[in-house]
Amino acid sequence: MDSAFVALLLTGLFVGNYVVARFLGMCPFLGLSKKVDSAVGMGIAVTFVMVVASLLTYPLYQLMVKLGIEYLRTIVFIFVIASIVQVLETVIKKISPSLYSAMGVYLPLITTNCAVLGVATLNLESELVTGLATALLNGLFSGLGFTLAIVILAGMREKLDKQPLNKHLKGFPISMILAGFMAMAFVVFTYIKLGE
Amino acid sequence: MKTRDVAVNGLIKENAVFRMLLGLCSILALSNKAINGLGMGVAVTFVLVCSNVVISLLKRVVPNKVRIPCYVLVIATFVTVVELLIKYLSAKSSAIAQIGDAMGVFLPLIVVNCIILARAEAFASKNTVGASAIDGLFVGMGYTIGLTLLGIVRELLGSGSIFGLQILGGFRITFFSQPAGAFITYGLLICLFNITYEKIEQNNANRKRKASVTLSNQVTEEGAVNG
């Protein structure tokens, strides 16, 4: 269990980082990384939804396999995720208005965030995920990995905004190139070896 | 709306890959080889045309408040159709099986590809069935061409081949096949496309201005409304 925990942690955060190594969740990664504050908000919201989605979709898929309707998984998963987002929005609004004002605007956007549907689908394919507990951890660490990447990019973009830059490179192209440099840095983590 | 306008719009003006910057995940992940880009493009175009047609048919039936979940359900259905189709074809041909493997998780993720939802919301929910089908086809083709182009550049530099055909001998820079290479190549290609697009726009504007003063007034007015 311990080595599985470490493997999930390293994979989710660094080696298999959802953004820079797997290209999942690119839209919010580039769309909401202008300011560090909003990047942190989006990161927390995504992590939250990823954990809940892993918790619900994993047992649901087992049930679907038993019923022999696993080919419907994409339709079922996207509906579960849309419902989770809707419920979360209502609940957070009721319980903590301050958290809602920080996170609220990002929540509806998460339905179409491929990182969430990605974690639900990859939970079924990853060899590290062996049960509900590991699925939950995979959701958590993948979400934290997303948060890490988006916050780093936001930090770089905030600094770069103050620099003079060719107008054709400004905005999206330069963010893409920055993300490329991040991906290069993240390659270092693939040298970490676990066990033999 | 004229077919020609829809075509220019889908292929160039609002090109999904280079202008609208939608569906980034699949663009970056499947541009490592030209053939993967082409395969993904065809899959997305199929879903786009089908979902545009159905959503256009349903536009008077679906209540405004629940339209997004309905669109998503329609799109998810067609994605499932594509998934099953590829599974079926993979058993028959090893070439398709290879592309299917490369697509992997990005095949079910077509559901959350923003291009499809964007066309449903911006075009299919407001236009006739025929126009929506044509729009889906051209936007899909614009996406396919953009993705394949990026795939050709990355495959040529990263593996020294195009569509699996070795042309650079043993020369390759593996960097371009890796994630970091995807980001940087894509960023630079968008920059290049923007420069070219601006040049063409300027040339067109200049030519029109020379042709007639009244016409040029109209163009600037149109530009102001569109912009």
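The numbers attached to residues start from 1 for each chain and follow its sequence in the written order. Lettering for chains starts from A, numbering for ligands starts from 1, and both go in the order in which the items are written. Where local features are concerned, this predicted model is filtered to residues with pLDDT of at least 70; where side-chain atom pairs are given and counted, the filter is 80 or more; whole-chain, interface and lining totals use all residues.

K.L.:
Talk me through the overall build of chain B; I want residue IDs and the actual numbers.
P.N.:
Per the secondary structure count, chain B includes 10 helices and two strands. Order of helices (α) and strands (β) in chain B, N terminus to C terminus: α-α-α-α-α-α-α-α-β-β-α-α. Counting only C-alpha atoms, chain B reaches 60 × 50 × 25 Å along its principal axes. A separation of at least 24 residues holds for 74% of the contacts in chain B among residues at least 6 apart in sequence. Only DSSP runs of H or I reaching four residues or more are called helices, and only runs of E reaching two or more are called strands; each is numbered from the N terminus. In this description, a residue-residue contact is defined by the distance between C-beta atoms placed from the backbone, which must lie within 7 Å.

K.L.:
For helix H7 (residues 114-125) of chain A, give the residues involved together with the corresponding values.
P.N.:
How far a helix is expected to stretch is found by multiplying one less than its residue total by 1.5 Å. The terminal C-alpha atoms of H7 of chain A lie 16 Å apart, and with 12 residues this matches the ideal 16 Å at 1.5 Å per residue to within 8%. Buried means a residue has 20 or more other C-beta atoms within 10 Å of its own C-beta, exposed means 12 or fewer, and partly exposed covers the counts in between; C-beta atoms are placed from the backbone. Taking burial as the measure, the 12 residues of H7 of chain A include 10 buried ones, the bulk of the element. Buried residues of H7 of chain A: Cys114, Ala115, Val116, Leu117, Gly118, Val119, Ala120, Thr121, Leu122 and Asn123 of chain A, and no others. On its buried face, H7 of chain A sits against helix H3 (36-67), helix H4 (73-95), helix H6 (107-110) and helix H8 (132-160) of chain A together with helix H3 (24-29) of chain B.

K.L.:
Break down the confidence of the model for chain B for me, citing the residues and quoting the values.
P.N.:
In low-pLDDT segments, the atomic positions of the prediction should not be examined closely. Residues and elements named next belong to chain B. pLDDT: the predictor's confidence for each residue, scored from 0 to 100. Of the residues in chain B, 93% have a pLDDT of 70 or more, and the chain-wide mean is 88. Here residues 222-227 is modelled with pLDDT under 50, and outside its nearest four sequence neighbours on either side it reaches zero contacts, counting other chains as well. Note on the complex model: pTM 0.87, ipTM 0.88.

K.L.:
So what about the packing of helix H1 (residues 3-13) of chain B against helix H8 (residues 129-159) of chain B? Which residues, and what values?
P.N.:
All names here are of chain B. At a minimum axis separation of 7 Å, H1 and H8 run at an interaxial angle of 30 degrees. Taken together, H1 and H8 sit at an angle that is classed as roughly parallel. Taken as a pair, H1 and H8 cross one another with a handedness that is right-handed. Contacts between H1 and H8 involve Thr3, Val6, Ala7, Gly10 and Leu11 on the former and, on the latter, Ala131, Ile134, Asp135, Phe138, Val139, Met141 and Gly142. Any residue that is not Ala, Val, Leu, Ile, Met, Phe, Trp, Tyr, Cys, Pro, Asp, Glu, Lys or Arg is counted as polar, Gly included; the first ten are nonpolar and the last four charged. Considered class by class, the residues forming the contact of H1 with H8 number eight nonpolar, three polar and one charged. The axes are straight lines fitted to the C-alpha atoms, using for helices just the contacting stretch, and the angles between their N-to-C directions are given from 0 to 180°. In what follows, roughly perpendicular refers to angles from 65 to 115 degrees, roughly parallel to angles under 35, roughly antiparallel to angles over 145, and oblique to any angle outside these ranges. Crossing chirality is assigned from the near helix's rotation relative to the far helix, an anticlockwise turn below a right angle marking it left-handed and a clockwise turn marking it right-handed.

K.L.:
Requested: an account of the nonpolar core, with residues and values cited.
P.N.:
We call a set of buried Ala, Val, Leu, Ile, Met, Phe, Trp, Tyr and Cys residues a nonpolar core when their C-beta atoms link them within 7 Å. Val116 of chain A together with Val47 and Ile75 of chain B are the most contacted members of the largest nonpolar core, which has 111 residues in total. At 11 residues, the largest contribution of residues to this core is made by helix H4 (residues 34-57) of chain B. Once you skip the residues sitting within four places of it in the chain, Ile75 of chain B turns out to touch Val47, Ser51, Val111, Ile116 and Leu117 of chain B.

K.L.:
Give a detailed account of the interface of chain B and chain A, specifying residues and quantitative values.
P.N.:
Taken together, the contact pairs 31 residues of chain B with 32 residues of chain A. Counting residues per element, the ones that place at least two in the side of chain B that touches chain A are H3, helix H5 (67-92), helix H7 (114-124) and helix H9 (179-211) of chain B. Ranked by residues supplied to the side of chain B that touches chain A, first place goes to H9 of chain B with 11 residues. Considered class by class, the residues forming the side of chain B that touches chain A number 26 nonpolar, four polar and one charged.

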